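Fold and geometry: a report
One letter stands for each residue in the lines below.
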2 protein chains.
Amino acid sequence: MRLHHVGIAVEDLEEAKARYGLLGFGVVAEGETLLELLAPLGQDTPVGRFLVKRGPGLHHLAFATSRIEEELARLKGVGARLIDEVPRPGFGGHRVAFLHPGFGLGVLWELVETEGA
Amino acid sequence: MRLHHVGIAVEDLEEAKARYGLLGFGVVAEGETLLELLAPLGQDTPVGRFLVKRGPGLHHLAFATSRIEEELARLKGVGARLIDEVPRPGFGGHRVAFLHPGFGLGVLWELVETEGA
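Just so it is clear, the model here is predicted, and its values are computed rather than measured. Note that residues are indexed from 1 along each chain, following the sequence as it is written. Chains and ligands are labelled by the order in which they are written, letters from A for the one and numbers from 1 for the other. Totals for whole chains, interfaces and linings use all residues, but because this is a predicted model, local features are given only for residues with pLDDT of at least 70 and pairs of side-chain atoms are given and counted only at 80 or more. Side-chain measures here rest on the full set of heavy atoms in the structure, leaving out hydrogens and waters.

All names here are of chain B. Salt bridge, as used here, is a side-chain nitrogen of Lys or Arg placed within 4 Å of a carboxyl oxygen of Asp or Glu. For the structure on display, the rule yields 16 salt bridges over all chains. A salt bridge links E14 to K17, with the shortest nitrogen-to-oxygen separation between them at 3.7 Å. Remark: K17 and E14 occur in helix 1 (residues 13-21); sequence separation between them is three residues, near one turn of the helix. Working definition: with a 1.4 Å probe on protein chains only, accessible area under 20% of the residue-type maximum means buried, over 50% means exposed, and in between means partly exposed. Since its relative accessible area comes to 53%, E14 is described here as exposed. Numbering of helices and strands runs from the N terminus; a helix is a DSSP stretch of H or I covering at least four residues, while a strand is a stretch of E covering at least two.

We now examine the sheet that holds strand 5 (residues 95-99) of chain A. All names here are of chain A. Read from one edge of the open sheet, six strands run 2-1-3-6-5-4, paired in mixed fashion. Across the chains shown, the open sheet's two edge strands, defined by having one partner strand only, are strand 2 (34-38) and strand 4 (88-89). In this analysis, strands are considered paired if DSSP registers two or more bridges between them. Across five bridges, the pairing between strand 1 (residues 2-9) and strand 2 is parallel. Bridging from a neighbouring strand, V6 pairs with L35 of strand 2.

This brings us to the sheet that holds strand 2 (residues 34-38) of chain B. All names here are of chain B. Taken in spatial order, the six strands line up as 2-1-3-6-5-4 in an open sheet, and their pairing is mixed. The open sheet has two free edges, formed respectively by strand 2 and strand 4 (88-89), since each of these has just one partner strand. Two residues qualify as a contact provided that any one of their heavy atoms is within 4.5 Å of a heavy atom in the partner residue. Here an axis means a line fitted to C-alpha atoms, over the contact stretch when the element is a helix, while the angle between two N-to-C directions is reported on a 0 to 180 degree scale. Helix-sheet contacts for helix 2 (residues 46-54) involve strand 1 (2-9), strand 2 and strand 3 (57-65), and the interaxial angle to strand 3 is about 140°.

This is the structure we're talking about:
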């Protein structure tokens, strides 16, 4: 599996775009590792609660796979606790599934289904 | 600039290697985005203090550049607070420099000098 993107919780999307723009990260493009800037839609959302609890910062790692159900079954078989037992639509129109951060040793892991990952 | 690696603070390096091994991350290789597992050498080290304060989890983002002094000067010019005013030896023998996480909106940014980044 390869790293697909890094999720970053931000309070202000425009401010964050400008800041990462300083590093040349602008338009996101498939095929390279992406930075996903996540601004909360409300305080009682996963990203909203994350911001309240931990403040802005690194939020999750996403890994690309071409067979997401197979990977979920395999990881469940080795003890992973799944947040999403079944893939759901996510980032960029891909099917995605999150694992509990306890399994990722404090890191929220996301699987992202991509063609030929 | 491209993403060079993601730093992850871990309590037990062997446990973390085994966990990321489940995703196929084993031997690190130049040229692709790397996961850097950081176990503390002691409690009174940057990673040790991070673990005490925040627990294990995502620690920093590193960006590759072929001209680290130039990039540091440019970022300083737009208001970045630098942890390392001068590059120092780091990850994989590269010259590196860290920026204060306030400038990265809660994310610790590292610049890594690589050939032809």
